[in-house]
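Each chain is listed here by its residues.
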Amino acid sequence: MKKLRVAIAGLTACSGCQLSLLNCEDELPRMLELFEFHYFPMASSPALMEGEYDAVLVEGCLSMPHEKELLQELRRRSRYLVALGTCAVCGGVAALRNGEEREQLRQSVYGENQVASETYEPLPLHRVVQVDAAVTGCPPEKEELLRLLAGLARGVLPVAIDYPVCTECRMRENLCLLTERSALCLGPLTLGGCSARCPSLGVPCEGCRGPVPEANLAEALEIYAEKGFDKATVRDRLRRFCPEWKL
Amino acid sequence: MAPQYIANHNLPLLLERLRRYAELHGPVRGEDGVVRFAAIAPGTLPDLSALRTLLPPKKYLLHPQETILNYTAAAGYQLQAEDVRSLILFGLHPCDLAGINYLDRVFLGDAPDPLYAARRATLTLIGISCTPDEFCSCHILPSPLNALSDLFLCSVDEGLIVTSGSPRGDELLDGVKDLLEEWEGAVPEDSRRFFGHAEAEQVRPEPDATLPEWQEFASHCLGCGACSLCCPTCYCFDVLEFCGLDSCSAERVRQWDNCLFKSHAEVAGGTNFRKERAERFLYRYRHKYRGFGPLQGVPSCVGCGRCRVVCPAGLDLRPLAERLEGRPL
């Protein structure tokens, strides 16, 4: 079988998603049989873009002019473009303060120094290019990453999950932290696929995987209000990972 | 012959004796307070006071997520090999027994499911009586399903009256006969009396799709799936195939699905037969209270109350069902 040519790039993010891929140590030898990781600056140098790619995986959001150019360049060269991780899918923590005055934010971090003067409000990838598939999560689940790669090797994109964290939480027969402990658990609004990793350890869902399709925000806000959480508290929690929540 | 009973102080002995036949599972309260069907540790007692476990016993027959087929280029598709052990499920309430009866009709009917059949054959069911609480509806909407078990225990103050319902039950009774005494007192009403009402097996007209209730349910539903995941008779599943990280293997996975999910009625090309959540509630209602397909006329709600208990939005189809079904016992 011909090896697939793949590029893996990071924009504004912590590199944790790319690292999750490199952490699949047991599977790396098999990956190398299926893929040629041609452009992967975090893992190998020199990294020079060249020719066309079967797929590119992009971590992070866009916050600097050169990132937009890089992303568009990758898009032009690739058959599939996959958003890797929450920042790429919905903006993530870098976009936490979107909506606030940009120059003030810059000065509070860098002072009078002109560092980061070229940055703009972080954007998820889909605002700039067409995204063919997404693997969300902060960071993504190893299993999902491997399934994505295995699928790409056969020319198929992953099936999008459409259920919230609660579904897998119930499958694991966990105590419901929202109804039984009145915790601000974002499970009902957050895309599943993580096997309810946090609630299974007694930690309320922080919403790191972004919104589930058809999220019923109005009802969830009513339930949270009954538990004593006002709209501002819920909004801040939701927007920690996904600034695009409208509330 | 007077009924036989086992005195409360002999319950630990009964459990130890049953353990000789198979692994023993029953309702166990975890440290987090959640009651689940789980292994009863030697020397401990199951929680027989709990009215319902979080997940019903269907989890033993259909796992939430499981590989059903494995593919390799050399062997093609092969059934997933499974090490099935004999299991005694102790302390099943009549509703859960009826739930298993329903699943049996679905999965052992015209085209038996091999995984289900293999697991079902290893189960011994020991039922126990109970008293409905405000969430239950077995006593309001009786079911045509049968609450069948190998042994059935009926609680009285001093212990449990024991009756057998199968050759397997006879075998177990014979093995514990030295622990049994004759019961001289009154026998309470049978908890299973709400089940097996065959006259309810009649095809009824379709529920009115224009009722405002469907929209009302939809506006509150979070789409979390708890109602059907925790339902003893919801068996809808999704089938996914994942390729291996090589050029020649794959696994086919079956996982619990839910009729309230967006993808449940979605087909190739993105067309959806039930685009709106309100339509999905009507669909759910039809399955739970009218039945469809080969089991048309057989309502699948066994009245366990789990859907009402677990719904974060407190949704409850029962008042509507009481109005639309209106079948006094």
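Computed from a predicted structure; not experimentally measured.

### Overview of the overall build of chain B
Then step 1. Helix and strand counts for chain B stand at 10 helices and 12 strands.
Then step 2. Considering only C-alpha atoms, chain B reaches an extent of 65 × 55 × 40 Å along its principal axes.
Then step 3. Buried residues in chain B amount to 38% of all 329 residues.

### Some thoughts on the sheet that holds strand β1 (residues 4-7) of chain B
All names here are of chain B.
Then step 1. Taken in spatial order, the 8 strands line up as β3-β2-β6-β7-β8-β9-β1-β10 in an open sheet, and their pairing is mixed. Of all the strands in the sheet, just β3 (35-39) and β10 (180-182) have a single pairing partner and so form its edges. Shown here is a sheet whose adjacent strand axes are inclined to one another by a mean of 30°, direction ignored.
Then step 2. Packed onto the sheet, helix α3 (residues 94-107) meets β6 (87-92) and β7 (123-128) and runs at close to 145° relative to β7.

### Observations concerning the interface of chain B and chain A
Then step 1. The interface is formed by 30 residues belonging to chain B together with 31 residues belonging to chain A.
Then step 2. At the level of elements, α7 (226-229) and β11 (237-243) of chain B are the ones that each hand at least two residues to the side of chain B that touches chain A.
Then step 3. A per-element tally of the side of chain B that touches chain A places β11(B) first, with 3 residues.
Then step 4. Residue classes in the side of chain B that touches chain A are distributed as 18 nonpolar, 8 polar and 4 charged.

### Focus: the domain arrangement of chain A
Residue and element names in this part refer to chain A.
Then step 1. Partitioning chain A into structural domains gives domain 1 (4-153) and domain 2 (165-239).
Then step 2. The straight-line distance from the C-alpha centre of domain 1 to that of domain 2 is 27 Å.
Then step 3. Contacts between domain 1 and domain 2 engage 9 residues on the former and 7 residues on the latter.
Then step 4. Looking at the side of domain 1 that touches domain 2 element by element, the count peaks at 3 residues for helix α4 (residues 86-90).
Then step 5. By residue class, the composition of the side of domain 1 that touches domain 2 is 4 nonpolar, 3 polar and 2 charged.

### Focus on unusual backbone geometry
Leave glycine aside and you will find that most residues have negative phi; peptide bonds, for their part, are mostly trans.
Residues and elements named next belong to chain A.
Then step 1. Omega for the bond connecting S45 with P46 falls within 30 degrees of zero, at -5°, which places this linkage in the cis form.
Then step 2. With respect to the helices and strands, the residue P46 is situated in the loop between β2 (35-39) and β3 (53-59).
Then step 3. For the bond from C138 to P139, the omega torsion is -5°, close enough to zero to count as cis.
Then step 4. Examined against the element boundaries, P139 turns out to sit in the loop between β5 (133-135) and α6 (142-153).

### A short note on the sheet that holds strand β4 (residues 78-84) of chain A
Residue and element names in this part refer to chain A.
Then step 1. Taken in spatial order, the 5 strands make up an open sheet running β2-β1-β3-β4-β5, and their pairing is parallel. Bordering the open sheet on either side are β2 and β5, each of which pairs with just one other strand. On average, each strand axis in the sheet is inclined to that of its neighbour by 30°, with strand direction left out of account.
Then step 2. In this sheet, β5 lies alongside β4 in parallel orientation, the contact comprising 3 bridges. Residue pairing in the sheet places V82 in a bridge with A133 of β5.
Then step 3. In this fold helix α3 (residues 65-77) packs onto β1 (4-10), β3 and β4, with an angle of close to 135° to the strand it touches most, β4.
Then step 4. Across the face of the sheet, α6 comes into contact with β1, β3, β4 and β5 while running at roughly 155° to β5.

Rules used throughout
Here the residue index of a chain counts from 1 through its sequence in written order. Numbering of ligands from 1 and lettering of chains from A proceed in the order in which they are written. Only residues with pLDDT of 70 or above have their local features reported here, since the model is predicted, and side-chain atom pairs are shown and tallied only from 80 upward, although totals for entire chains, interfaces and linings are computed over all residues. Helix and strand assignments come from DSSP, with helices taken as H or I runs of at least 4 residues and strands as E runs of at least 2, each series counted from the N terminus. Once C-beta atoms are placed from the backbone, each residue is buried if 20 or more other C-beta atoms lie within 10 Å of its own, exposed if 12 or fewer, and partly exposed for counts between those two. When DSSP finds at least two bridges between two strands, those strands are taken to pair. Between N-to-C directions, angles cover 0 to 180 degrees, with each direction set by a line fitted to C-alpha atoms, over the stretch in contact for helices. What counts as a contact here is a pair of residues whose C-beta atoms, placed from the backbone, lie within 7 Å. Put simply, Ala, Val, Leu, Ile, Met, Phe, Trp, Tyr, Cys and Pro go in the nonpolar bin, Asp, Glu, Lys and Arg in the charged bin, and everything else, Gly too, in the polar bin. Domain start and end points were adopted from an automatic or database domain assignment.

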